[in-house]
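Structural characterization, general
Given next are the chains, with one letter for each unit.
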Amino acid sequence: MPEQPAAATAKTRGRTCVLCGVARALVRIPSTLASSCRECFYAHVESNVHATITGARLFKPGDRVAIAASGGKDSTVLAYLMSLLNKRHNYGLDLFLLSIDEGITGYRDDSLETVKRNEQQYGIPLKIVSYDELYGWTMDAIVKQIGLKNNCTFCGVFRRQALDRGAALLKVDHIVTGHNADDIAETVLMNILRGDFARLQRCTAIQTATDETIPRSKPFKYTYEKEIVMYAYFKKLDYFSTECIYSPNAYRGFARAFLKDLESIRPSAILDIIHSGESYQIKQDVKINVPVNGKIIVGSCERCGYMSSNKLCKACVLLEGLNRGLPKLGVGNTNKIRRMHDGQPGSQAGSQPDAPVAGPDSL
């Protein structure tokens, strides 16, 4: 079991819970700094998530909902709360756990054991789909090809598509992920630092969908990461706490460190950044993934049929590079790399045979 969070007991000794006015305060709620007893803290987290779900009208009775489950703290608490709130408030949902096996030895194989235990603990059926099954590659094999610099690009693209394909197998109406307020604020900062302003408003949306994919939402949009850690700790939930072995050099880590510095000075900074992203507007003549009636209209990949604004989806471009021995084909200036390759006839005669395309037939 992970150590007790430092924020859980800081500056609460001898104080009374400001929420109930009766019990002794044991924690400080990170988002408000209010001193709270344990039961009021539970109520704060649970009511916040319930208000987020009902306020955005994420579900309707009878929906089949897949919970993206990695075994980490966010997805474990999400699975626990979705099960709890579904019963308490009669949402009428059929819940499923959906896990992606990226093929990372010593990390994902261990975390999946936690998810299997969660399946038994919460009584929610589990479906696991793997990169090897969908793409013919594991992350271990990809990292051997490309190293640690751009591996998160491959994993992120493949994982997003794998979730959609796993959800299609389960025939669900909705996918929920454990992205919390910190994650969303980090994404806003990353998009600003990269100058990717077209994504700013979309990355703060509580629900995303296209005309080709299953709606995906974030019930933890306004829940701080520290609140999730504390909730998991006090509830003694069974979760896997090791970070991905391939992520130390991820660009997100720099945005996370900056956000933590801001939070230490101004705890409301996380929600302030999210609200800034929500308020951001793009000129009407910018036609990049503009939602129409709540959905983004996109085309389909010519190779696998997955949604894409180009002839080939990003996953197929990345797979093509891997299979042709040009792992950087889908990263950075792809046109330049393609021209370089085309100018060297026969240079990849010894490359691997094509791996399975991530299309419907491969499922």
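In this report, the structure presented in the accompanying data block is examined. Per chain, residue numbering runs from 1 following the sequence as it is written. Only residues with pLDDT of at least 70 are given local features in this predicted model, and only at 80 or more are side-chain atom pairs given and counted; all residues enter the totals for whole chains, interfaces and linings. Side-chain figures throughout are based on the complete set of non-hydrogen atoms in the structure, without hydrogens or water.

Some remarks on the overall build of the protein chain
- We count a stretch as a helix when DSSP gives it H or I for four or more residues in a row; a strand needs E for two or more, and each element gets its number in order from the N terminus. Secondary structure assignment for the protein chain yields 13 helices and 12 strands.
- The burial tally for the protein chain puts 49% of its 363 residues in the buried class.
- In what follows, a contact means two residues having at least one pair of non-hydrogen atoms within 4.5 Å. Here the contacts in the protein chain between residues at least 6 apart in sequence split such that 69% fall between residues at least 24 apart.
- Carbon together with sulfur atoms contributes 51% to the accessible area of the protein chain, which is approximately 17900 Å² in total. For every residue, the accessible area (1.4 Å probe, protein chains only) is compared with the maximum for its type, and the residue is labelled buried under 20%, exposed over 50%, or partly exposed between those bounds. Surface accessibility in these figures is a Shrake-Rupley result with a 1.4 Å probe; residues are shielded only by whichever protein chains are displayed.

Topic: unusual backbone geometry
- Of note, the phi angle at Lys-171 is positive, near 55 degrees, even though the residue is not glycine.
- Structurally, Lys-171 is set in the loop between α6 (151–170) and β6 (174–176).
- A positive phi angle, close to 55 degrees, is found at Lys-236, a residue other than glycine.
- By secondary structure assignment, the location of Lys-236 is in the loop between α9 (225–234) and α10 (252–265).
- By relative accessible area, which is 63% here, Lys-236 ends up exposed.

Points about the state of the cysteines
- Sulfur atoms of two cysteines make up a disulfide when they are within 2.5 Å. Tallied over the entire structure, the rule returns 0 disulfides.
- Of the cysteine sulfurs around Cys-20, a residue in no disulfide, the closest is that of Cys-17, at 3.7 Å.
- A relative accessible area of 34% places Cys-20 in the partly exposed class.

Description of the environment of Ala-269
- Here Ala-269 lies in helix α11 (residues 269–279).
- Residues Ala-269 and Asp-182, spaced 87 residues apart in sequence, show a C-alpha to C-alpha distance of 9.8 Å.

Brief notes about the sheet that holds strand β5 (residues 126–130)
- DSSP-based pairing: two strands are paired if at least 2 bridges between them are found. The strand order across the open sheet built from 6 strands is β5-β4-β3-β6-β8-β7, with neighbouring strands paired in mixed fashion. The open sheet is flanked by β5 and β7 (207–208), the only strands paired with a single partner.
- Both β6 and strand β8 (residues 216–217) contribute to a ladder of 2 bridges, which runs parallel. Residue pairing in the sheet places Val-176 in a bridge with Ser-217 of β8.
- Note on geometry: axes are lines fitted to C-alpha atoms, helical ones only across the stretch in contact, with angles between N-to-C directions running from 0 to 180 degrees. Sitting on the sheet, helix α2 (residues 73–88) touches β3 (64–68), β4 (94–101) and β6, and the angle it makes with β3 is about 155 degrees.
- Packed on one face of the sheet, helix α3 (residues 108–122) meets β4 and β5 and runs near 170 degrees to β4.

As for the packing of aromatic side chains
- To pair, rings of Phe, Tyr and Trp, with the six-membered ring standing in for Trp, must have centres within 6.5 Å; the planes then decide the type, stacked if under 30 degrees apart, edge-to-face if over 60, and tilted in the middle. Under the definition given, this model contains 10 aromatic pairs.
- Between Tyr-42 and Tyr-231 the ring centres are 5.6 Å apart and the planes differ by 75 degrees, which places this aromatic pair in the edge-to-face class. Separated by 189 residues along the polypeptide, Tyr-42 in helix α1 (residues 38–55) and Tyr-231 in helix α9 bring together distant segments of the chain.
- On the basis of relative accessibility, which here comes to 0%, the residue Tyr-231 falls in the buried class.
- A ring pair is formed by Tyr-233 and Phe-234, whose centres lie 5.3 Å apart and whose planes are at 75 degrees; its orientation type is edge-to-face. No difference in accessibility class separates Tyr-233 from Phe-234, as the two residues are buried.

What to know about the pairing of β5
- Pairing analysis gives 5 bridges linking β4 to β5, with the strands arranged parallel. The residue bridging Ile-100 from the neighbouring strand is Val-129, located in β5.
- We call a crossover right-handed when, viewed with both strands directed away from the observer, the connection leading from the first strand over the helix to the second proceeds clockwise. With α3 bridging β4 and its parallel neighbour β5, the resulting β-α-β unit is right-handed.

So far we have only geometry, and geometry alone does not tell us how the molecule works.
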